[in-house]
Every structure is written in C-alpha cells, then in structure tokens.
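# Working through the structure, step by step
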Amino acid sequence: MKKSVFISIMWFAIFNVAATSITLQPDSSGFIKQQGNTSVWTQQNAEVKTMANYCREMVLDFSLEDLDFTPQSALLRIFCSSVDQEGGFIINAFGIEQSVFELPYQTVKELPSHAGIAIDKNTESLVNQWIEIDVSEFIGMLDLTATTQIAFRVEIVSVGNTALMKFNTHKATINRPELLLSETPPEDIRELAYCGIKSIVASNSSERGAVEYAFNGAGVLPGMVHTNKAYDNAWITDLPKESELNSGLHWINVELNRPVNLSKMHIWNLSWLYGANQDDFSNRGVKDMEIYVSNSDEDLSNVAYSDERWAKQSDVQLTRNEGSPDQYSYQEIDFEVEPKGVRWIGFHILSNYSDDHYTGIGEIKLFERVEVSGDISTDGQIPLSDKINIYAINHKLYCNRLEINLPVIVYSVLGEVVCRTNADDLSSGIILPPGIYVLRIGDHTQKVCN
C-alpha cells in the first residue's frame, strides 16, 4: 500500500474520562531508505523525504507487553521539528505486525505494511506540531494475545518539491513519539483503512493496473487529489472476455474484515495521460455504476448481483475527468439510508465515457459510521450546552455565558488532560491545536470541536 486510506482525523465521542487508556513510547527508532544502505538521521530526529529512488522513512518499534486491555481506538503521534520547504504533503503511517529491527534489510517496497490513515497537511501547520494518525483499524486486526511487538513506518508524499521533514525519535529530549491506546471507541464517521479490506476481486485488471490500486491510496496526492499517471496508481482493465460482455461492462467485489456501518464513499474517477504525446484516456473513466452491499458471511467474490444475498444500495453516475488535469478531486457518494453490518461491497460498472470496454477507477475510499457500544457514562453530569455556550474561532475556545468563576479541565478524546485553566481564561479564549476535546467546567461536561 503506497498510502493508506487518507483523511484528517476527527473523532466525535460520547466521552468517559475514566475509560482505560495507556500511552506507549517506542523502544527504538530507525531509518529506511528505498535504495542503498546509507542512513541520514541523528539520535534525536529522523529526516523523512520523498525523492525518486531516494525515499527516506522513519520507523518506530513499540512493545505491547504492558497492554492489559483490548483497545477500541489507537492514535500514533509524531512530532515534526522542522520542514525545509513549503508546500502540501500527505503523511502516512504503515503498521507492521512485528519488530522492524528483527527483519533483514529490505527496500521500503518489500516491507510488510498496510495500515493507518494518511493525514493531509500543509507545511505551515506542521513545524513544531504533533501529527496524529488514526491507526485503530490496524490495532483492531491484531491478535493481541499473540502479538507483543509492532512497528510503524512513516513516509511523506509531496508534489512539486523534495521537501525534507524532521520527526523526533525515541531519543529526543522532549516530544518523543507516542502510541495512545484507549478503551473508548471513536464515534461518528471515520475512514476505513486499507487494512480493513480482506479481499478484492475484479472482472479483470491490466498488468500495471491491479484492482488493489483503486483502494490502497496509490496516486493520492496532497490536497486529496489524484495523479493522472495511471500505471501503478489506478485500476485499469483489459478488454473483457466475450462471456463477460453480457453481464455488464466490469465489476469489483470487496470483502471487509468485519461488519461495517457504511456511511459514504469518496471516488476519484480515472484520469490518464499516457506517452510522449500525453494521449488522453480519461474517456475510459466510469460513467454509470450500481453499488451493491451484503451482510453475508459467505464467499460472494464471484456471485452475480442477481443473487438474493446482494442488495442494491445506490445508482451512481461519475463525472468524467475531461482534459485529464494534473490533479483532480473526488466525488462524494452519500447514502440516503446507511447500510449496517456490511461485509461485502459490489461495484457493477454499466457504462463508461468510451466506445469500448476498457475502463478504470483512480481511487475509492470507504467511510464508516462508528457507534459507541454499551453505555458510556458521563458520571451523571448535566450537559454543559444546557447552561453554557462554548464556541471556537481560529483554534481558540471561548465561553460567553459564564457568570461565576469555575475550574476548567480540557481532555483529549483519549482521556488525557490537555490543560487546566479557569472560566476567566475561556472568556478571552484559550489556544488549542485543531481537534476534538472534552471540557469539564465545574460539574458539567461538553464535547467541543476546535
């Protein structure tokens, strides 16, 4: 997976500050280059950079031996100390189910990985900032009774520059990397990481257009746009066999690791400039498509959509990326009724913008609605919104209805204290990084999006 499923983190949680949580720091940090064996890093920071045949990546090893509960959410936090060029970037974390340092030297592309959510950032918001990446899906797929060591490798993807970032290692004097694990599950809508997909089967794929490229983030660029270089970045088909023509143009069937309450999708249609003359093949992009879902535990990878185990969810028409721009954005597919407990998703492609049966898709991202299971206690406290108005402007929190001075505690969504202050400070505003927080003012609690 060149990128994991890729979006800024927003966790909306009914919050219990007493929930069990643990903060782990890495046992060791290291460095991987795509080619060659020369490391470019110090004891306290690792240089991460994207260049052709010269990709520097940081790796972090974590021990799970002290973990004595089953985490429902997980957040990898790394601190960026410097960036040498401005621009947009995608920062990816890839989970590895063993210690990196137990592996023999391999190139980056050969390392096992595939977990995590890409965070789309701009340079200005990175320097001296924590970067938080949701790795809940990766942690959730582990057998924690048998897994005692995991690792993450961190990469950046940039366009139009070769910017170098420095991230603190486990030997930094302050702001060392962290893995935050909690029993409190995230709530509302979040992206389903690529590691949440068990299998993908398509009607057919070309040699350099595997169907996995339509789900693993390959080709997604900063700004959540997509490249128009289709090879190794998009799903591209060959002409189907004659026997396939009667059942529709093409199809993709996706099996998920677990039941998911499917909320929406982001789909980047195919855009493709090819060869020295930059021939435009965007007409091979999908036009009309049916989306099917199923809750079945049986193998539906090659089962026709007329089977009763499939249920049609939506009819979708995708826009052609006419003119194949260098970078193009996605279409959001919302469902009028969100299907629950989905194990299979079928994409039945009925037509494209071409006169032949070649077709393709740049990227599909899946989003689930995560519901808190069981009762999450608020300790009988009165919702703060009944009495006090909290609001955010430019990442500062304000309160305009406090009549008396009360102690204020601001918690992260994982239950850690972010700051302690008082109501007077809220009147003039307190500065916090963008995110979701829980405020406790006196006997009242309130969830706040900053």
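Parameters at a glance
- Residues numbered from 1 in each chain as written.
- Predicted model: local features only at pLDDT ≥ 70, side-chain atom pairs only at ≥ 80, totals over all residues.
- Heavy atoms only, no water.
- Salt bridge = Lys/Arg side-chain N within 4 Å of Asp/Glu carboxyl O.
- Helix = DSSP H or I, 4+ residues; strand = E, 2+ residues; numbered from the N terminus.
- Pairing = 2+ DSSP bridges.
- Axes fitted to C-alpha atoms, helices over the stretch in contact; angles between N-to-C directions.
- Phe/Tyr/Trp six-rings, centres within 6.5 Å; stacked < 30°, edge-to-face > 60°.
- Buried < 20%, exposed > 50% of the residue type's maximum accessible area, 1.4 Å probe, protein only.
- Core = buried A, V, L, I, M, F, W, Y, C linked by side-chain atoms within 4.5 Å.
- Contact = heavy atoms within 4.5 Å.
- pLDDT = per-residue confidence, 0-100.
- Polar contact = N/O pair within 3.5 Å; in protein donor to acceptor, adjacent residues only side chain to side chain.

### As for the pattern of salt bridges
Overall, the coordinates contain 19 salt bridges when judged by the stated rule. The shortest N-O distance in the salt bridge between Lys198 and Glu255 comes to 3.7 Å. Placement of Lys198 in strand S13 (residues 197-202) and of Glu255 in strand S17 (residues 250-260) is noted, with a sequence separation of 57 residues between them. With a shortest N-O distance of 2.9 Å, Asp307 and Arg309 are connected by a salt bridge.

### A look at the sheet that holds S13
Two modes of strand pairing occur in sheets, parallel and antiparallel, and in both the strands are linked by backbone hydrogen bonds. Here we have 5 strands laid out as an open sheet, ordered S13-S17-S25-S21-S22, and antiparallel in their pairing. This sheet does not close on itself; its edge strands, each paired only once, are S13 and strand S22 (311-317). Looking at each pair of strands side by side, their axes are set apart by 15° on average, direction ignored. Relative to S22, strand S21 (residues 288-294) runs antiparallel, the two being bridged by 6 bridges. Note on S22: the bridge partner recorded for Asp288 is Gln317.

### Here we look at the packing of aromatic side chains
Aromatic ring pairs are reported here in terms of the distance separating the ring centres and the angle at which the planes meet. In the structure shown here, the tally under the stated rule is 12 aromatic pairs. Taking 5.6 Å as the distance between ring centres and 75° as the angle between the ring planes, the aromatic pair formed by Tyr231 and Tyr274 counts as edge-to-face. Residue Tyr231 is located in the loop between strand S15 (225-227) and strand S16 (235-236), and its partner Tyr274 is located in strand S19 (residues 273-274); the two are separated by 43 residues in the primary sequence. Since its relative accessible area comes to 31%, Tyr231 is described here as partly exposed. Residue class for Tyr274 comes out partly exposed when judged on its relative accessible area of 36%. Centre to centre, the rings of Trp268 and Tyr330 are 5.0 Å apart; their planes meet at 70°, and the pair counts as edge-to-face. Placement of the pair is Trp268 in strand S18 (residues 262-269) and Tyr330 in the loop between strand S23 (327-328) and strand S24 (331-334), with a sequence separation of 62 residues.

### Describing the nonpolar core
Ile91, Ile150, Phe167, Leu179 and Leu181 are the most contacted members of the largest nonpolar core, which totals 37 residues. Among residues more than four places away in sequence, those in contact with Ile91 are Ile78, Ile117, Ala118, Ile119, Leu126, Ile131, Ile133, Val154, Glu155, Ile156 and Phe167. Counting 32 residues, the second-largest nonpolar core is a separate cluster that includes Leu192, Ile267, Met289 and Leu318.

### Some remarks on unusual backbone geometry
In this structure, Asn175 is a non-glycine residue whose phi angle is positive, near 55°. Tracing the chain through its elements places Asn175 in the loop between strand S10 (164-168) and strand S11 (178-182). On the accessibility criterion, Asn175 (27% relative accessible area) is partly exposed.

### Regarding the confidence of the model for the protein chain
When pLDDT is averaged across the protein chain, the result is 78; 70% of the residues are at 70 or more. Low pLDDT, under 50, characterises residues 1-18; the predicted model gives this stretch 102 contacts beyond four residues in sequence or across chains. Predicted confidence for residues 373-387 stays below pLDDT 50, and this span has 25 contacts to residues more than four positions away or in other chains.

### A short note on the side chain of Glu57
Mapped onto the elements of the fold, Glu57 is located in strand S4 (residues 56-63). On the basis of relative accessibility, which here comes to 3%, the residue Glu57 falls in the buried class. For Glu57, the side chain forms a polar contact with the side chain of Arg153, separated by 2.7 Å.

### Some details on the side chain of Asn233
Mapped onto the elements of the fold, Asn233 is located in the loop between S15 and S16. What makes Asn233 buried here is its relative accessible area of 10%. Here the side chain of Asn233 touches Lys229 through a polar contact of 2.8 Å, landing on its backbone oxygen.

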